[in-house]
Amino acid sequence: MTHTEGMLREGSFKGKNIIVTGGGTGLGRSMSKYLLELGAQVIITSRKLDVLKETAKELESETGGKVLPLSCDVREYDQIEQVIKETENTFGPVHGLLNNAAGNFISPTERLSHRAFNIVLDIVLKGTSQFTLAMGKRWIEQKQPGTILNIVTTYAWTGSGYVVPSACAKAGVLALTRSLAVEWAKYGIRSNAIAPGPFPTEGAWSRLLPGELAEKFDLAKRVPLKRVGEHQELANLAAYLLSDFSAYVNGEVVTIDGGEWLKGAGEFNMLEMVTPEMWDMFENMRGK
Ligand code: HXC
Ligand code: NAP
């Protein structure tokens, strides 16, 4: 058994329909693939229908499952409502919503135009809250339970320079997660979040470590476990939080980052650079 293997038992998602925003690429694709392997029917959405169609074809042949690719800009409420309608017509009721779509790039904040700032807020905070609102209204109207899983980041609670619009938006998504976990529990709707550390994807890496930055900053070195994440590890966690196995988990944000954010937070964690010889020296000094 290793961390790169699937964790849930076969058929855990049989009969379940799950919408994954941003499901055509990166982590959304990987999580969709695992849900399909577990028996779910998956609806993948994003702005680029050609990418979605290609991914759907690949995922169907890799897993033998059923994928519905639907174009939807999460900033447009009517497109979201259309996705829910088309899903119900094709697959039947929706059981889970995975809010994974995001936009991000690095920049000193004072260099950003107000449009650049807004575009990230709109995709991440407005997009997630709009999809959640549309889905929640539908579930409440149908008297049907549902599960929401939001992908945030660890800087949702610490904040971070150079990705300030994303930090503001992810903090808002975390507040949305915790608020609705309480308010909508009475309807049988659970809300949880995952905060991933570095997981290599083309989308994130090209925008967050452009040009020489990728060589300059080896993200694995920042992580106490000295490695980046494997997509299957995240997929295992996402599947658990979307499944009935996590029926009593509500309003939680689960960090999966190898200890990365705590390393930056702990006052004396920089002492990792002290060698055993130096510790010997300090010990000898203490003894005198
Ligand atoms: C400064 C930028 C910029 C950049 C765009 N803009 N890129 N400003 N630095 N690198 C500005 C533009 O000049 C423009 O402002 C405004 O932003 C809108 O740009 P467009 O290119 O017209 O927008 P659009 O085509 O809609 O693209 C949206 C996008 C793009 C967010 C800019 O990057 C995108 O499509 N991203 C989707 C995928 C993504 O970002 N994935 C990474 C998620 S990773 P003006 O004023 O000129 O009009 C993530 C991980 C976090 O979240 C944690 C990691 C550890
Ligand atoms: P990615 O491949 O770029 O995924 C982002 C997805 O969002 C794309 O499929 C994109 O598709 C979609 N998207 C962007 N704008 C959209 C819009 N307006 N409407 C609908 N869909 C839109 O990057 P990723 O690394 O897999 O990121 C996935 C999630 O993980 C994000 O929430 C990100 O913040 C989070 N995350 C990633 C990391 C990491 O290390 N990779 C770490 C922490 C958190 P289109 O371009 O076709 O619209």
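This text follows the structure it describes.
Described in the following lines is the structure provided in the data block. Note that the coordinates shown come from a computational prediction; the quantities given were computed from them, not determined experimentally.

## What about the packing of helix α1 (residues 26-37) against helix α10 (residues 231-242)?
Link 1 in the chain: Running from N to C, α1 and α10 cross one another at 60 degrees; their axes reach a closest spacing of 9 Å. Classified by the angle between their axes, α1 and α10 sit oblique to one another. The handedness of the crossing between α1 and α10 comes out as right-handed. Contacts between α1 and α10 pair Gly26, Leu27, Ser30, Met31, Tyr34 and Leu35 from the former with His231, Gln232, Leu234, Ala235, Asn236, Ala238, Ala239 and Leu242 from the latter.
Link 2 in the chain: Grouping the constituent residues of the contact of α1 with α10 by class yields nine nonpolar, five polar and no charged.

## Let's talk about the site of ligand 2
Link 1 in the chain: Close contacts around ligand 2 come from 27 residues, with Thr25, Ser46, Arg47, Asn100 and Thr201 the closest.
Link 2 in the chain: Leu27 places a polar main-chain atom, nitrogen or oxygen, 2.8 Å from an oxygen atom of ligand 2.
Link 3 in the chain: Within the side chain of Asp73, an N or O atom sits 3.0 Å from a nitrogen atom of ligand 2.
Link 4 in the chain: Of the residues forming the shell around ligand 2, the biggest block, three residues, is contributed by helix α7 (residues 202-208).
Link 5 in the chain: Taken together, the residues of the shell around ligand 2 sort by class into 13 nonpolar, nine polar and five charged.

## Topic: the site of ligand 1
Link 1 in the chain: Close contacts around ligand 1 come from 16 residues, with Arg47, Asn104, Ser113, Arg115 and Arg207 the closest.
Link 2 in the chain: Between ligand 1 and Arg47, the relevant distance is 2.8 Å, taken from an oxygen atom to a side-chain nitrogen or oxygen of the residue.
Link 3 in the chain: Ser113 places a polar side-chain atom, nitrogen or oxygen, 2.6 Å from an oxygen atom of ligand 1.
Link 4 in the chain: Protein contacts shield 61% of the accessible area of ligand 1, which totals 1100 Å² for the unbound molecule.
Link 5 in the chain: Of all the secondary-structure elements, those providing two or more residues to the shell around ligand 1 are α4 (114-142) and α7.
Link 6 in the chain: When grouped by side-chain class, the residues that make up the shell around ligand 1 number eight nonpolar, five polar and three charged.

Here is what the cut-offs are and how they apply
- Residues numbered from 1 in each chain as written.
- Chains lettered and ligands numbered in written order.
- Predicted model: local features only at pLDDT ≥ 70, side-chain atom pairs only at ≥ 80, totals over all residues.
- Heavy atoms only, no water.
- Axes fitted to C-alpha atoms, helices over the stretch in contact; angles between N-to-C directions.
- Helix = DSSP H or I, 4+ residues; strand = E, 2+ residues; numbered from the N terminus.
- Parallel < 35°, antiparallel > 145°, perpendicular 65-115°, else oblique.
- Left-handed = near helix turned anticlockwise from the far one by under 90°.
- Contact = heavy atoms within 4.5 Å.
- Nonpolar A, V, L, I, M, F, W, Y, C, P; charged D, E, K, R; others polar.
- Near = heavy atom within 4 Å.
- Polar contact = N/O pair within 3.5 Å; in protein donor to acceptor, adjacent residues only side chain to side chain.
- Areas by Shrake-Rupley, 256 points an atom, 1.4 Å probe, with all protein chains shown as cover.

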